[in-house]
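# A structural walkthrough
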Amino acid sequence: MNGDFVFTTKSRIILSTFNDETLLAADFLSHLVANPTGFKTKVAEGKKPESGSVFMMLDTAIKDKEGYVLTITPKKIIIKAKSAPGLFYAVQTIRQLMPVDVEKPFVVEGFRLAVPACEIKDAPRFAYRGMHLDVCRHFFPPGDVKRYIDMIALHKMNTFHWHLTDDQGWRIEIKKYPRLTEVGAFRKETLVGHDGKQPFVYDGKPYGGFYTQDEIRDIVAYAKSKFVTIIPEIEMPGHALAALAAYPALSCTGGPFDVYTRWGVVDDVYCAGKEETFNFLEDVLTEVIGLFPGKYIHIGGDECPKTRWEKCPLCQKRIKAEGLKDEQELQSYFIRRIEKFLNSKGRKIIGWDEILEGGLAPEAAVMSWRGTDGGIAAAQQKHDVIMTPGEYVYLDHYQCEPADQPLAIGGYLPLERVYSYNPMPSELKSEEQKYILGIQGNVWTEYIGTRDYLDYMTYPRMIAIAETGWTQDRLKDFDDFLARFEASGKRYDVMGINYFKGEYRDTRAVR
Ligand code: TNX
């Protein structure tokens, strides 16, 4: 089909099913058009397409929950989808077909908003397509978080995993425990350079920040308007030093502690022998549940040294009383107990793959980060899995030869290698494959302290992850992806995204 559809002052957006959710997709398109053109496309309810307008309808004949059929002719645009997210993804596709100046947040004189005629029938490969952001090692203010969510939505991903607590900072206001943010959200200074290298050098600058509950509610609503679900992560039993600095009685030794100023893994963790620990965490999680409506709560579970538990009389007493074999099983007890609580509130837990050790909690979903073995094992045990292996999707790793790059944690993960990943492990039998819900990229921020550097590390590698989550493996082609990125890169320039512009190929690959 030839020609263009051109948005004019008369264009309307007609919704055949008018409700809060479909309206979000329509409003998003209306705003998109308004920015560079200066005119508002009215949203109205109606049963029939109109010439010069966009018609959106829900269609039960479309099988995939997030799928859509988009038909653009010079006369009109028709979008059909099973549900509102599908309408929204069709709008994001329209956006990608628009001239890049559509991204300008002001009126562009003489702007002709045209989209080429075409028909697109599309649906995602995986139901879970996510990005994680660590706001503990470095804090990113609400505006940066929303911008990150915008990029998730632009790339048709649907989940934002928000890593809110860790040794170096507690970032979420909890009304019942004000010291978590008064004390736990700030550290005295930060290590300079890589950890492990002695003598340690610190920058001498106090650092911190947190989100108030009002800010969190605002961000959750913002994400919802872009069909992004937020999974909050509250780390336990390890990576908890910021909380222990605020409430040292929750540790095995009683402290005192400082919010951590280095990186890595800390021996002091929540005491698994004290009832106070569980009371505290249940109180915290109760407030968290009130803020985040999604079904999953991430409880961490990774990198929890057992050093303190081995020596702690209360932890040892718990091991005996509960008939547990060892400290691994104590960790499993800890997670199961928290799971029971969250299940009783209608929520499900996700944890990092360490939660397999000592036995998985009955309903837990697993994020496989130490390679893919944890994900495979969990799927074989009929547990849901998100694939997020370090060697393919850890965007804190170097993306080209490190020599002339700003400091990063290590590793080597060029765009081509990210793109090459197939989240479905070949080891799984066909009936086990359904437990692989999808893929997620992780951005840990020990060495990422600014928004510019966050952009640099995240894009375009995030886009490769988004495509892997959406596109069937047999249709993926790196050369084609690169060629398309050449064009879409201009869009990110207009958006002010400081994406990496160096070597995208895996120069270490054995070909
Ligand atoms: C491991 S991934 C961690 C994080 C670090 C990251 C650095 C995971 C569950 N734990 O605490 O930030 O490595 O790459």
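Residues numbered from 1 in each chain as written. Predicted model: local features only at pLDDT ≥ 70, side-chain atom pairs only at ≥ 80, totals over all residues. Heavy atoms only, no water.

## Re the overall build of the chain
Within the chain one finds 16 helices and 20 strands. By the compact-globule yardstick of 24 Å for 511 residues, the chain fits well, its C-alpha radius of gyration being 24 Å. Along the first, second and third principal axes, the C-alpha set of the chain runs to 75 × 50 × 45 Å. Looking at the chain as a whole, 59% of its 511 residues qualify as buried. Of the contacts made within the chain by residues no fewer than 6 positions apart, 72% connect residues no fewer than 24 positions apart. Separation between the mean location of the 65 positive side-chain charges and that of the 71 negative ones in the chain comes to 5 Å. (Helix = DSSP H or I, 4+ residues; strand = E, 2+ residues; numbered from the N terminus. Rg over C-alpha atoms; globule rule 2.2 N^0.38 Å. Buried < 20%, exposed > 50% of the residue type's maximum accessible area, 1.4 Å probe, protein only. Contact = heavy atoms within 4.5 Å. Lys, Arg positive; Asp, Glu negative; His and termini not counted. Charge placed at Lys NZ, Arg CZ, Asp CG, Glu CD.)

## Here's the deal with the sheet that holds strand S2 (residues 12–15)
In space, the six strands of this open sheet follow the order S3-S2-S4-S6-S5-S8, with mixed pairing throughout. Two strands in the sheet have a free side with no partner beyond their single neighbour: strand S3 (42–45) and strand S8 (118–122). Averaged over all adjacent pairs, the angle separating strand axes in this sheet is 15 degrees, with direction ignored. One ladder, built from five bridges, connects strand S5 (residues 68–72) with S8; its direction is antiparallel. Each bridged residue has a counterpart across the sheet, and for tyrosine 68 the counterpart in S8 is aspartate 122. (Pairing = 2+ DSSP bridges. Axes fitted to C-alpha atoms, helices over the stretch in contact; angles between N-to-C directions.)

## Thoughts on the sheet that holds strand S17 (residues 348–352)
Each strand in a sheet pairs with another by means of backbone hydrogen bonds, the pair being arranged parallel or else antiparallel. Reading around the barrel, the eight strands line up as S9-S10-S15-S16-S17-S18-S19-S20 and close back on themselves, with parallel pairing between neighbours. Each neighbouring strand pair of the sheet contributes to a mean axis angle of 30 degrees, computed without reference to strand direction. Where strand S16 (residues 296–300) lies against S17, three bridges are found, and the strand directions are parallel. Across the sheet, the residue bridging to tyrosine 296 is lysine 348, located in S17. Each of strand S15 (229–236) and S16 is contacted by helix H7 (residues 275–291), which is oriented at about 170 degrees to S15, the strand it contacts most.

## Considerations on the packing of aromatic side chains
Under the defined criterion, the tally for this structure stands at 33 aromatic pairs. On the numbers, 5.6 Å between centres and 50 degrees between planes, the contact of tyrosine 419 with phenylalanine 478 is tilted. Placement of tyrosine 419 in helix H13 (residues 415–420) and of phenylalanine 478 in helix H16 (residues 478–495) is noted, with a sequence separation of 59 residues between them. With respect to burial, tyrosine 419 and phenylalanine 478 carry one shared label: buried. With centroids separated by 5.4 Å and ring planes inclined at 85 degrees, the aromatic side chains of tyrosine 456 and phenylalanine 500 adopt a geometry described as edge-to-face. One end of the pair, tyrosine 456, is in helix H14 (residues 451–458); the other, phenylalanine 500, is in the segment after H16, and 44 residues separate them in sequence. Neither residue differs from the other here; tyrosine 456 and phenylalanine 500 are each classed as buried. By the ring-pair criterion, three or more aromatic residues cluster together here, those being Tyr453, Tyr456, Phe485, Tyr492, Tyr499, Phe500 and Tyr504. Of note, lysine 476 hangs over the ring of tyrosine 419, and the distance from its end group to the ring centre comes to 4.8 Å. (Phe/Tyr/Trp six-rings, centres within 6.5 Å; stacked < 30°, edge-to-face > 60°. Lys NZ or Arg CZ within 6 Å of the ring centre and 35° of its normal.)

## Describing the state of the cysteines
Under the counting rule described, the total for this entry stands at zero disulfides. Residue cysteine 304 stays outside any disulfide, its sulfur separated by 9.1 Å from that of cysteine 252, the closest cysteine. (Disulfide = S-S within 2.5 Å.)

## A short note on the pattern of salt bridges
Across all of its chains, the model carries 31 salt bridges by this definition. Residue arginine 417 is joined to aspartate 506 by a salt bridge in which the shortest nitrogen-to-oxygen separation is 3.0 Å. Of the two residues, arginine 417 is situated in helix H13 and aspartate 506 in the segment after H16; the sequence distance between them amounts to 89 residues. Overlapping salt bridges bring together Asp134, Arg137, Asp166 and Glu446 as one network. (Salt bridge = Lys/Arg side-chain N within 4 Å of Asp/Glu carboxyl O.)

## A short note on the site of the ligand
Near the ligand you find Arg137, His239, Asp302, Glu303, Trp352, Trp369, Tyr394, Asp396, Ile409, Trp444 and Glu446, and these make up its full shell. In the environment of the ligand, an oxygen atom lies 2.7 Å from a nitrogen or oxygen atom belonging to the side chain of aspartate 396. Expressed as a share of its isolated accessible area of 370 Å², the protein-covered part of the ligand is 92%. Of the residues contributing to the shell around the ligand, the split by class is five nonpolar, one polar and five charged. (Near = heavy atom within 4 Å. Polar contact = N/O pair within 3.5 Å; in protein donor to acceptor, adjacent residues only side chain to side chain. Areas by Shrake-Rupley, 256 points an atom, 1.4 Å probe, with all protein chains shown as cover. Nonpolar A, V, L, I, M, F, W, Y, C, P; charged D, E, K, R; others polar.)

## Examining the side chain of aspartate 396
Its location among the elements puts aspartate 396 in the loop between helix H12 (390–393) and H13. The residues contacting aspartate 396, other than those within four sequence positions of it, are Ala408, Ile409, Gly410, Asn442, Trp444, Glu446, Ile448 and Met457.

## Points about unusual backbone geometry
Residue proline 199 follows glutamine 198 across a cis peptide bond; omega there is -5 degrees. Tracing the backbone through its elements, the reader meets proline 199 in the loop between strand S13 (186–187) and strand S14 (207–208). The omega angle of the peptide bond from glycine 255 to proline 256 is 0 degrees, so this bond is cis rather than trans. Considering the arrangement of structural elements, one finds proline 256 in the loop between helix H6 (241–246) and H7. If you check the backbone angles, phenylalanine 227 has positive phi at about 60 degrees while not being a glycine. Of note, phenylalanine 227 is situated in the loop between helix H5 (213–225) and S15. Backbone geometry at glutamate 303 places phi at a positive 45 degrees, although glycine is not the residue there.

## A look at the nonpolar core
Counting 168 residues, the largest nonpolar core has Phe7, Leu29, Met56, Trp162 and Tyr270 as its most contacted members. Those residues in contact with leucine 29, other than ones at most four positions away along the chain, are Phe7, Ile13, Val54, Met56, Val91, Ile94 and Met98. (Core = buried A, V, L, I, M, F, W, Y, C linked by side-chain atoms within 4.5 Å.)

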